Amino acid sequence: MSSPDSNEPIQTSPQPAKISRRRLFGAVGAGAVIAAGAGAAVGRLTAPESASEYGDVVAFHGEHQAGIVTPAQDRMHFVAFDVTTDSRDALVALLRKWTEMAERMTVGEEAHPDGAIGAGEYKPPSDTGEALDLDACQLTLTIGFGPSLFTTPDGRDRFGIADKRPTALVELPKFTGDALEPARSGGDICIQACANDPQVAVHAIRNLARVGFGTVAVKWSQLGFGRTSSTSTSQTTPRNLFGFKDGTRNIKAEETSTVSDFVWVDPKDDQPWMGGGSYLVARRIRMLIEPWDRTVLHEQERVIGRSKGTGAPLGQKAEFDELDLDSKGPRGPLIDKDAHVRLASKEELGGIQILRRGYNFTDGSDGFGHLDAGLFFIAYCRDPQKQFVPMQQSLAHNDAMNEYIKHVGSALFAVPPGVRAGEFWGSSLFGAPPGPVAEAEK
Ligand SMILES: C=CC1=C(C)c2cc3[nH]c(cc4nc(cc5[nH]c(cc1n2)c(C)c5CCC(=O)O)C(CCC(=O)O)=C4C)c(C)c3C=C
Ligand SMILES: [Fe+2]
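Residues numbered from 1 in each chain as written. Chains lettered and ligands numbered in written order. Predicted model: local features only at pLDDT ≥ 70, side-chain atom pairs only at ≥ 80, totals over all residues.

> I keep staring at unusual backbone geometry and nothing clicks. Help me out?
For residues besides glycine, phi is generally negative; the peptide bonds are generally trans as well. One non-glycine residue, Asp133, lies in the positive phi region at around 80°. Tracing the sequence through the fold places Asp133 in the loop between helix H3 (88–105) and strand S2 (140–145). By C-beta crowding, Asp133 is classed as exposed, having 10 other C-beta atoms within 10 Å. Unlike most non-glycine residues, Gln138 shows phi in positive territory, near 60°. (Helix = DSSP H or I, 4+ residues; strand = E, 2+ residues; numbered from the N terminus. Buried ≥ 20, exposed ≤ 12 C-beta atoms within 10 Å, placed from the backbone.)

As structure tokens, this is what we get:
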């Protein structure tokens, strides 16, 4: 068992008991107590491989927010909000309330104590109810703050935090080939919900959005399935919608010094309130599935730079063999000059790395008979301007994959450090002392 203040992944019992929201209903309070009381796991090294493990709980409290290096779950619901008030007090009250709700939902409780049925027949229920009977399913909720929260596009400092905006938190530059849709880009606040059951992730976002009425409005949201990265060495590498293993050379939680160098912000980097936090880059990348599906296997593998079956780098045998960027094959370099893995590799980028945590998406078809599908790319980095930007510049200019993809949405958020008992999401930014959650409207 981990301490309640740690969200470091830890080894847990192999078969944690299933916990039902109903059984938990009204029985216990804080996450740690629930985890212990129900015999559930608090964080784990291995990804769940079956429904029987869906009772797992990932600790909400800790030095860092959960949902970054904690093992990537199978499903995601991501939302970006606009803040619709100019009142700092209203915003802080909402962040406090959201924190309290997140503490509850991540251990499998209803969003509020009286929940879906407890407030009586003559009040709208304070929990929407669709996750009743479902377990925590490793739900993680991760919050981030966009550049526009600090200064509005017309230059206003609505919440008195303009001087706390980190230098790294500026809009991403336009990259070659970008076809960004404003309605799928930006946002003042984001919340990433990941879980092993889509209904649990959707329930969490729905209930957070619901209590935000009058303070925030949903700007855009995205559902994702089939994680496209591993964030732990114990997870098998999943496949993306091009059919390739994705995440083989991702940063893994167990590589602690790489994680410190490339994921967590040091308090001395810039703004001390961001110490222990990170930056989240989100890109909705449409994958042009039909042309890809008509492309011969040899070309698909050349574009990626890896074998489709094994995931091995071209010229190698096994998935985790080293990339050989120097050797020549019969028709030129083993891994082409414009292969995706070459251009995104630390070897070609002066040592730069990022932590990827994206999801596949399919949003029906586009009206022309084409699948509207792709990769909802999420990266966490210590400084997006020094990591994501040069990497994406290199890919945007030269990547052979560009023929088959289109970036249609983009956003950047500062992800504050983790929450400790008595704190709330963003308390290091807003400097407000710990206190009870204001009883806001339900
Ligand atoms: C700016 C960063 C990246 C974007 C955008 C991106 C899009 C993208 N990637 C794939 C599929 C694969 N990517 C793979 C490796 C890989 N990709 C990035 C970065 C971006 N990808 C990095 C840093 C790496 C690792 C490079 C290395 O060091 O080897 C792979 C290979 C397997 C792996 O290592 O993960 C695949 C496959 C798609 C389909 C896509 C956009 C739709
Ligand atoms: Fe990639």
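> Where do I start with the UniProt feature "domain: Dyp-type peroxidase C-terminal" (unreviewed entry) in the protein chain in this structure?
Within this numbering scheme, the UniProt entry marks residues 237–419 as carrying the feature "domain: Dyp-type peroxidase C-terminal" (unreviewed entry). With 19% helix and 25% strand, the stretch residues 237–419 has end C-alpha atoms that lie 30 Å from each other. (UniProt positions renumbered as here; feature names shortened; annotations may be inferred.)

> Help me understand the site of ligand 1 in this model?
Taken together, 29 residues are adjacent to ligand 1, and Phe244, Thr248, Arg249, Ala344 and Ser345 come closest. At the level of elements, strand S5 (278–287), helix H9 (340–343), strand S10 (371–381) and helix H10 (388–398) are the ones that each hand at least two residues to the shell around ligand 1. Here the shell around ligand 1 takes four residues from H10, the largest share from any one element. Each residue belonging to the shell around ligand 1 can be placed in one class, and the counts come to 15 nonpolar, eight polar and six charged. (Near = placed C-beta within 6 Å. Nonpolar A, V, L, I, M, F, W, Y, C, P; charged D, E, K, R; others polar.)

> Just to check I follow, could you spell out the nonpolar core for this structure?
Formed by 102 residues in total, the largest nonpolar core has its most connected members in Leu139, Ala193, Ala201, Val263, Tyr279 and Cys381. Among the elements that line this core, the one with the most residues is H3, at eight residues. Ignoring any residue separated from it by four or fewer positions in sequence, one finds Val263 in contact with Ile68, Val69, Ile251, Ser278, Leu355, Tyr380, Cys381 and Arg382. (Core = buried A, V, L, I, M, F, W, Y, C linked by C-beta atoms within 7 Å. Contact = placed C-beta atoms within 7 Å.)

> Could you clarify how one ought to interpret helix H8 (residues 297–304) in this entry?
Each full turn of the α-helix corresponds to 3.6 residues, which orients residues three or four apart in the same direction. Every buried residue of H8 is accounted for by Arg302, Val303 and Ile304. Where H8 is buried, its residues touch H9. Just beyond H8, the residue with positive phi is Gly305, at close to 95°.

> Even after reading the chapter, I still don't get H3, so can you show me in this structure?
The end-to-end C-alpha distance of H3, which contains 18 residues, comes to 25 Å, matching closely the 26 Å that a straight helix rising 1.5 Å per residue would cover. Counting buried residues in H3 gives 13 out of 18 residues, a clear majority hidden from the surface. (Expected span 1.5 Å × (residues − 1).)

> Is there a simple way to explain the confidence of the model for the protein chain in this structure?
Here the protein chain averages 88 in pLDDT, while 85% of its residues score no lower than 70. Low pLDDT, under 50, characterises residues 24–54; the stretch is placed with 80 contacts to residues that sit more than four places away or in other chains. Taken as a whole, residues 433–442 scores under 50 in pLDDT and shows 13 contacts with residues more than four places along the chain or in a different chain. Interface scoring of the predicted complex returns ipTM 0.99; its pTM is 0.89. (pLDDT = per-residue confidence, 0-100.)

> Please clarify how the UniProt feature "domain: Dyp-type peroxidase N-terminal" (unreviewed entry) in the protein chain should be interpreted in this entry.
Mapped onto this structure's residue numbering, the UniProt feature "domain: Dyp-type peroxidase N-terminal" (unreviewed entry) falls at residues 65–225. Segment residues 65–225 splits into 22% helix and 20% strand. End C-alpha atoms: 21 Å apart.

> Quick question: what am I supposed to make of the environment of Val216 here?
Among the structural elements, Val216 can be located in strand S4 (residues 216–227). Exposure remark for Val216: the 25 C-beta atoms within 10 Å place this residue in the buried category. Remark: the alpha-carbon pair of Val216 and Val83, spanning 133 residues in sequence, is separated by 4.3 Å. Once residues lying within four places of it in the same chain are set aside, the contact partners of Val216 are Phe81, Asp82, Val83, Thr84, Leu94 and Ile189.

> In this structure, what is going on with the pairing of strand S9 (residues 359–365)? I would like to understand it.
Strand residues, when the strand is regular, have side chains that alternate between the two faces of the sheet. Where S4 and S9 come together, two bridges link them in antiparallel fashion. Residue pairing in the sheet places Phe225 in a bridge with Asn360 of S9. Linking S9 to S10, which pair antiparallel, is a turn of five residues; within it Gly367 sits at a positive phi near 90°. (Pairing = 2+ DSSP bridges.)

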